[in-house]
Amino acid sequence: MTETFQFKLHATDGKARRGEVSMPRGTIRTPAFMPVGTVGTVKAMYLDQVKDLGADIILGNTYHLMLRPGAERVARLGGLHNLIRWQGPILTDSGGFQVMSLAGLRKLDEQGVTFKSHVDGALFHMSPERSIEIQGLLDSDIQMQLDECVALPAEPKEIERAMEMSLRWAERCKVAFGDQPGKAMFGIVQGGDIPELRVRSAEALKGLDLKGYAVGGLAVGEPQEVMLRMLDITCPELPVEKPRYLMGVGTPDDILRSVAQGIDMFDCVMPTRSGRHGLAFTRHGRINLRNARHAEDMRPLDEQSSCPATRDYSRAYLHHLIRSNESLGGMLLSWNNLAYYQELMAGIRLAIEEGRFADFMAETQETWRRGDL
Ligand SMILES: CO[C@@H]1O[C@H](CNc2nc3cc4c(=O)[nH]c(N)nc4cc3[nH]2)[C@H]2OC(C)(C)O[C@@H]12
């Protein structure tokens, strides 16, 4: 832990990076996977479990928390860490993406976004300044700029307009954030699937000398190779000595291939959301426990795992729980999936330290292909 926000690179292997982010609330070992805690909870998990699995940081969402319980209320209650009992770092997304994907967007202009809450239809306006103010009220450790993420495919002119406005909003967020030594505000590279817009966005954000850089506008339905090509173009434009965060990614394969492009931080609802729907991620690939073939299979998901959900419960029981829509089914598979994601991250970090990341990636992908489900 440090009084200020620091990023140190310990090792590189090709473009893959092994580092750590140090902050007053704790140290984040990178490459890192951040479990998503949208409304102040990593769904179906106790945060002690999340920590014990190796997560150093979790994610919260400005959009959801401003609606419920409300940013000023969270501040009155002592901040998000105090309320949810998570003492490590928290990164909060700024709300723009959630407004586009969840709320009833009413207006988007230079001033910000005006939207109707998906909870009760109430009207809200959020400017870049208000987004940073809300993240401050939440006592967030890593705050994201307000940006406009355009769903792909989109017209180049539309992508350019959104990218340029996001740059202007980044400057306003930097001013609003001011100087908070133990915290960080990250810029977000936009530019869709257009290389020269990606480069322009990255270069302009680099000029703002921010503490970290996210790559946004991806994992919005584009093919994996398009996402990877945008990383291949964007990462070289970002400062080597600052952390890089790929928003909303992804599957285990997405993560491996993005680490290979130089990404340090990830978040995705995949392990928790798909766990609640019956999908298990394992060392041997994915298992859909809804499938009737598991109904009498008394094997656990993986008897060699250190995670009780993975080692001690039969597939037959998990199948029964998911088919019966019992809470315990989602709890056990969320536990299994987050355990698998953190085990994958630990394997990635060690492989980079030992200079064998390419072999680790190939072996892991081969194990998934071979299955043994
Ligand atoms: C696989 O999960 C689905 O895919 C989305 C994740 N993909 C994603 N790309 C993102 C881009 C941005 C961005 O450009 N800017 C800001 N501020 N935040 C972002 C957050 C993002 N998350 C999840 O979001 C929904 C709920 C649509 O389905 C999930």
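Just so we're clear, the structure is a prediction, and the values are computed from it rather than from any experiment.

Some details on the overall build of the protein
Part 1 of the argument: Helix and strand content of the protein: 15 helices and 16 strands.
Part 2 of the argument: Over its C-alpha trace the protein gives a radius of gyration of 20 Å, about what one expects of a compact globule, namely 21 Å for 373 residues.
Part 3 of the argument: Structurally, the protein occupies a C-alpha span of about 60 × 45 × 45 Å along its principal axes.
Part 4 of the argument: Counting the 373 residues in the protein, one finds 57% classified as buried.
Part 5 of the argument: Restricting the contact set of the protein to residue pairs at least 6 apart, pairs at least 24 apart contribute 65%.
Part 6 of the argument: Element-wise, carbon and sulfur atoms account for 50% of the exposed surface of the protein, whose accessible area totals about 15,300 Å².
Part 7 of the argument: Computed over 44 positive and 49 negative side-chain charges, the inter-centroid distance for the protein is 4 Å.

Here's the deal with unusual backbone geometry
Part 1 of the argument: Thr30 connects to Pro31 through a cis peptide bond whose omega is 0°.
Part 2 of the argument: As for its placement among the helices and strands, Pro31 is situated in the loop between strand S3 (26–30) and strand S4 (32–35).
Part 3 of the argument: The linkage connecting Arg68 with the following residue, Pro69, adopts the cis geometry, with an omega of 5°.
Part 4 of the argument: Non-glycine residue Asp209 carries a positive phi angle of around 50°.
Part 5 of the argument: Of note, Asp209 is situated in the loop between helix H8 (195–206) and strand S12 (212–215).

Remarks on the site of the ligand
Part 1 of the argument: The ligand sits among 16 residues. The nearest are Asp93, Asp147, Gly217, Leu218 and Ala219.
Part 2 of the argument: A distance of 2.7 Å separates a nitrogen atom of the ligand from a polar side-chain atom of Asp93.
Part 3 of the argument: Interatomic distance of 2.8 Å between a backbone N/O atom of Leu218 and a nitrogen atom of the ligand.
Part 4 of the argument: When isolated, the ligand has an accessible area of 610 Å², and the protein chains bury 78% of it.
Part 5 of the argument: Of the residues contributing to the shell around the ligand, the split by class is 8 nonpolar, 5 polar and 3 charged.

Quick word on the packing of aromatic side chains
Part 1 of the argument: All told, the structure shown has 6 aromatic pairs when counted by the stated rule.
Part 2 of the argument: Note on Tyr63 and Phe115: the rings are 5.6 Å apart at their centroids and 55° apart in plane angle, and the pair reads as tilted. Of this pair, Tyr63 sits in helix H2 (residues 62–67) while Phe115 sits in strand S8 (residues 112–116), and the two are 52 residues apart along the sequence. Each member of the pair, Tyr63 together with Phe115, is buried.

Observations regarding the pattern of salt bridges
Part 1 of the argument: Applying the stated criterion to the full structure yields 24 salt bridges.
Part 2 of the argument: Put simply, Arg161 and Glu158 hold a salt bridge, and the shortest N to O gap is 2.7 Å. Residue Arg161 and its partner Glu158 are both found in helix H7 (residues 156–177); the two are separated by 3 residues, about one turn of the helix.
Part 3 of the argument: Overall, the relative accessible area of 32% leaves Arg161 in the partly exposed class.
Part 4 of the argument: Salt-bridge contacts for Asp253 lead to Arg257; the nearest nitrogen and oxygen are separated by 2.8 Å. Taken as a pair, Asp253 and Arg257 lie in helix H10 (residues 252–259) at a separation of 4 residues, close to a single helical turn.

A word on H10
Part 1 of the argument: Most of H10 sits out of view: 7 of its 8 residues are buried.
Part 2 of the argument: Buried within H10 are the following residues: Pro252, Asp253, Asp254, Ile255, Leu256, Ser258 and Val259.

A closer look at the environment of Tyr341
Part 1 of the argument: For Tyr341, the position within the fold is in helix H14 (residues 327–353).
Part 2 of the argument: When the C-alpha positions of Tyr341 and Thr282 are compared, they lie 9.0 Å apart, and in sequence the two are 59 residues distant.
Part 3 of the argument: Setting aside its immediate chain neighbours within four residues, Tyr341 contacts Phe33, Gly250, Thr251, Pro252, Ile255, Met270, Pro271 and Phe281.

Some details on the pairing of strand S1 (residues 6–13)
Part 1 of the argument: Where S1 and strand S2 (residues 16–23) come together, 7 bridges link them in antiparallel fashion. The residue of S2 that forms the bridge with Ala11 is Arg18.
Part 2 of the argument: Taking the residues that link successive antiparallel strands as the turn, the S1-S2 hairpin has 2 residues, and the phi of Gly14 there is positive, at about 70°.

Comments concerning the sheet that holds S1
Backbone hydrogen bonds are what pair the strands of a sheet, in a parallel or an antiparallel way.
Part 1 of the argument: Read from one edge of the open sheet, 3 strands run S1-S2-S3, paired in antiparallel fashion. Both outer strands of the open sheet, S1 and S3, are each paired with one neighbouring strand and no more. Geometrically, the sheet is characterised by an average inter-axis angle of 10° between neighbouring strands, direction not taken into account.

Thresholds, definitions, all that
Residues numbered from 1 in each chain as written. Predicted model: local features only at pLDDT ≥ 70, side-chain atom pairs only at ≥ 80, totals over all residues. Heavy atoms only, no water. Helix = DSSP H or I, 4+ residues; strand = E, 2+ residues; numbered from the N terminus. Rg over C-alpha atoms; globule rule 2.2 N^0.38 Å. Buried < 20%, exposed > 50% of the residue type's maximum accessible area, 1.4 Å probe, protein only. Contact = heavy atoms within 4.5 Å. Areas by Shrake-Rupley, 256 points an atom, 1.4 Å probe, with all protein chains shown as cover. Lys, Arg positive; Asp, Glu negative; His and termini not counted. Charge placed at Lys NZ, Arg CZ, Asp CG, Glu CD. Near = heavy atom within 4 Å. Polar contact = N/O pair within 3.5 Å; in protein donor to acceptor, adjacent residues only side chain to side chain. Nonpolar A, V, L, I, M, F, W, Y, C, P; charged D, E, K, R; others polar. Phe/Tyr/Trp six-rings, centres within 6.5 Å; stacked < 30°, edge-to-face > 60°. Salt bridge = Lys/Arg side-chain N within 4 Å of Asp/Glu carboxyl O. Pairing = 2+ DSSP bridges. Axes fitted to C-alpha atoms, helices over the stretch in contact; angles between N-to-C directions.

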